[in-house]
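Overview (structure and organization)
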Amino acid sequence: MDFNYAPQEEAFRQELRSWLEANLPKDYDPDAFELQDAEERWQVQLAWQKKLHEGRWVGVHWPQEYGGRGATLIEQVIYQQEIARVRAPGIANSLGVSIVGPTLIHWGTEEQKKRYVPRILSAEEIWCQGYSEPGSGSDFASLQTRGIEEGDYFIINGQKVWTSYAHKADRCILVVRTDPEAPKHKGLSYLLVDMKTPGITVRPLVQITGDAEFNEVFFEDVRVPKKNLVGEKNQGWQVAVTTLMFERANFALSGRLEPQLKQLVDLTKRVKVNGRTAAEDPAVRQKLAQFAIEVEALRYSDYRQLTHRLRGNPPGPEGSIGKLFGSELNLRMVHFAQELLGPYSQLGIGSPCSIDGGRWARRALGARALTIAGGTSEIMRNIIGDRVLGLPKG
Ligand SMILES: Cc1cc2nc3c(=O)[nH]c(=O)nc-3n(C[C@H](O)[C@H](O)[C@H](O)COP(=O)(O)OP(=O)(O)OC[C@H]3O[C@@H](n4cnc5c(N)ncnc54)[C@H](O)[C@@H]3O)c2cc1C
């Protein structure tokens, strides 16, 4: 591995850093942002995406002809580092930018690209992802939502669940079964659906954090024009897998865990354990050291991935290692913070006596979701065992 950056890469970093200094709203406070409710955070993220877009800083990895910067892999890493350094808010149309745009650029017809792609970076059209169903999550190829051909349309009936941002979305990438007789991976089709189409009902689900960021979505005789089919009919699995590949490549967590480790160390200096400051307790110090080692190991593991990609290889099953290890480490870190807080761990956001504004309670409630979304930890272990380590199947 070569840890040095080339002069043009440092120039890219400097350009972005200067832009962020000039454009991140002066009243933006990352700690306060984290404690806001979902609707307030959404508004901040929407405004921030529009601002980034003005500076051409959304979707830097997209090709230039589609409004990106054609950023190299190293530049994408630098981008993530700089955004993490200032703890900028995320963008509103994250699914659109990270998975829908790249999938359409790869698979879409010229007409689809022209119609949909430009409105993604600008957040004019927000996208959601309709894969999971009540009976089909990990094994989503078993999904049952039907699409039946009728003239120039597919008529959709069925239900999706856990659909993030469906209550905000203008469009949905929807995978439906168009051939129930074919083997499960071969009867699927991938559609672009206008969420305002008659027959669609979106019902928000309240999460354990109290926020309602994902939904049940019901489809009742929803008419989707055939020109909204991406790829071939019954070949939707291939398109859907492209989307998943972009999704998992997006899960690198080391950038988020480094600041969290600092906050955890800081917390140990302010709470007491066994009658003394937690930071002085040998067991706590051991734990912090272990977390520091694991955060560092995750960072180098991300670098190893990067080196692999820089040698021209596509993102492979090794991406599951970062997703698994990062989301589980995050969970252990926030649970440890809760242990340190003792009874105070039960005081959430808005409680006047909570420590750090109730941040750790919110994180502890939210952390489990990262071990499920985008493929559960068990599924990641299966992938690593099977496709990375080549272990025999039991
Ligand atoms: C925050 C969040 C956001 C999400 N957003 C979206 C979204 O926008 N769009 C969307 O389509 N979906 C979304 N999902 C759904 C997500 O993709 C599924 O929850 C996930 O794939 C797991 O599916 P499931 O919930 O049906 O669980 P199941 O697949 O039923 O799994 C239940 C349990 O069984 C285990 N298990 C299942 N199969 C195996 C196996 N072969 N070997 C070992 N263990 C196994 C799982 O690990 C899990 O512990 C989101 C989920 C979360 C948490």
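Residues numbered from 1 in each chain as written. Predicted model: local features only at pLDDT ≥ 70, side-chain atom pairs only at ≥ 80, totals over all residues. Heavy atoms only, no water.

The subject of this paragraph is the pattern of salt bridges. In this structure the tally under the stated criterion is 29 salt bridges. A salt bridge links Asp 139 to Lys 184, with the shortest nitrogen-to-oxygen separation between them at 3.0 Å. With Asp 139 in the loop between strand 1 (127–130) and strand 2 (146–150) and Lys 184 in the loop between strand 4 (171–177) and strand 5 (188–194), the pair connects residues that are 45 residues apart, well separated along the chain. Given the relative accessible area of 35%, Asp 139 is considered partly exposed. What makes Lys 184 partly exposed here is its relative accessible area of 36%. Salt bridges here are not isolated pairs; linked through shared partners, they connect Asp 31, Glu 34, Arg 87, Asp 266, Arg 270, Asp 356, Arg 359 and Arg 363. (Salt bridge = Lys/Arg side-chain N within 4 Å of Asp/Glu carboxyl O. Helix = DSSP H or I, 4+ residues; strand = E, 2+ residues; numbered from the N terminus. Buried < 20%, exposed > 50% of the residue type's maximum accessible area, 1.4 Å probe, protein only.)

Taken together, 16 residues lie near the ligand, and Gln 129, Ser 138, Trp 162, Thr 376 and Glu 378 sit nearest. Ser 164 has a polar side-chain atom sitting 2.8 Å from a nitrogen atom of the ligand. If the ligand stood free it would expose 970 Å²; the protein chains cover 63% of that surface. Only strand 3 (153–164) and helix 13 (377–388) provide two or more residues apiece to the shell around the ligand. Class assignment of the residues belonging to the shell around the ligand gives a composition of seven nonpolar, eight polar and one charged. (Near = heavy atom within 4 Å. Polar contact = N/O pair within 3.5 Å; in protein donor to acceptor, adjacent residues only side chain to side chain. Areas by Shrake-Rupley, 256 points an atom, 1.4 Å probe, with all protein chains shown as cover. Nonpolar A, V, L, I, M, F, W, Y, C, P; charged D, E, K, R; others polar.)

Our next topic: the environment of Pro 134. With respect to the helices and strands, the residue Pro 134 is situated in the loop between strand 1 and strand 2. Setting aside its immediate chain neighbours within four residues, Pro 134 contacts Gln 159 and Val 161. (Contact = heavy atoms within 4.5 Å.)

As a further point, take the nonpolar core. Counting 46 residues, the largest nonpolar core has Trp 57, Trp 62, Tyr 79, Tyr 131, Ile 173 and Tyr 190 as its most contacted members. At the level of secondary structure, the elements contributing two or more residues to this core comprise helix 1 (7–23), helix 3 (38–54), helix 4 (73–85), helix 5 (94–107), helix 7 (118–121), strand 4, strand 5 and helix 8 (236–248). Broken down by element, this core gets its largest block of residues, six residues, from helix 5. Within the second largest apolar cluster, 23 residues are counted, among which are Met 333, Phe 336, Leu 340 and Ala 367. (Core = buried A, V, L, I, M, F, W, Y, C linked by side-chain atoms within 4.5 Å.)

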